[in-house]
Amino acid sequence: MEKFHSVYETKDYGKVTLKLSDTMDRLGVNRNFLMTHARTQFGVIDKWYDGRVEKMDLDLLARICFVLDCDIGDILEYERPAKDDR
């Protein structure tokens, strides 16, 4: 039997980390405040705070940045892969 090859390859593209909890803690803002002012549900803010977001809602990200008067880089961080994995 011939050996088959796949065109799909697993690569390390880096990692995006949520830093909302660090920013909120630094600013002295709690989840209830952000929930109310960003006009969303507590469970949504709780997932962002704990870094458990599965899909990014760009409208919510913009509202969070507006309420906290911060930049996207204060909320998200991209960690590049090791040079060997590029």
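A short tour of the structure in this document, coming up. Please read all numbers here as calculations on a predicted model, not as lab measurements. (Residues numbered from 1 in each chain as written. Predicted model: local features only at pLDDT ≥ 70, side-chain atom pairs only at ≥ 80, totals over all residues. Heavy atoms only, no water.)

### Some words on the nonpolar core
Move 1: Grouped together as the largest cluster of nonpolar side chains are 17 residues, with contacts concentrated most on L20, M24, L34, W48, I64, L68 and I75.
Move 2: Those elements that provide at least two residues to this core are helix 1 (20-27), helix 2 (31-38), helix 3 (42-50) and helix 4 (58-68).
Move 3: Considering every element that reaches this core, the biggest residue donor is helix 4, with five residues.
Move 4: Sequence-distant contacts of M24, defined by excluding residues within four places in its chain, comprise V29, N30, R31, L34, Y49 and L68. (Core = buried A, V, L, I, M, F, W, Y, C linked by side-chain atoms within 4.5 Å. Buried < 20%, exposed > 50% of the residue type's maximum accessible area, 1.4 Å probe, protein only. Helix = DSSP H or I, 4+ residues; strand = E, 2+ residues; numbered from the N terminus. Contact = heavy atoms within 4.5 Å.)

### Comments concerning the side chain of D46
Move 1: Looking at the secondary structure, you find D46 in helix 3.
Move 2: Look past the residues within four positions of D46 in its chain and what remains in contact with it is R31 and R52.

### A short note on helix 4
Move 1: Among all positions in helix 4, only L60, L61, I64, C65 and L68 are buried. Along the axis of helix 4, the buried residues cluster in a sector spanning 140°; they form a single face.
Move 2: On its buried face, helix 4 sits against helix 1, helix 2, helix 3 and strand 2 (76-79).
Move 3: A side-chain oxygen of the first residue of helix 4 lies 3.1 Å from the backbone nitrogen of D59; this N-cap is D57.
Move 4: Just downstream of helix 4, D69 is the residue with a positive phi angle, here 50°. (Arc of directions from axis to C-beta. Polar contact = N/O pair within 3.5 Å; in protein donor to acceptor, adjacent residues only side chain to side chain.)

### Focus: helix 3
Move 1: The complete set of buried residues in helix 3 reads I45, D46, W48 and Y49. End-on view of helix 3: buried residues confined to an arc of 165°, all on one side of the axis.
Move 2: If you follow the buried residues of helix 3, they end up packed against strand 1 (15-18), helix 1, helix 2 and helix 4.
Move 3: Immediately beyond the C-terminal end of helix 3, within one or two residues, lies G51, with a positive phi of roughly 75°.

Read these as spatial facts, not as claims about activity.
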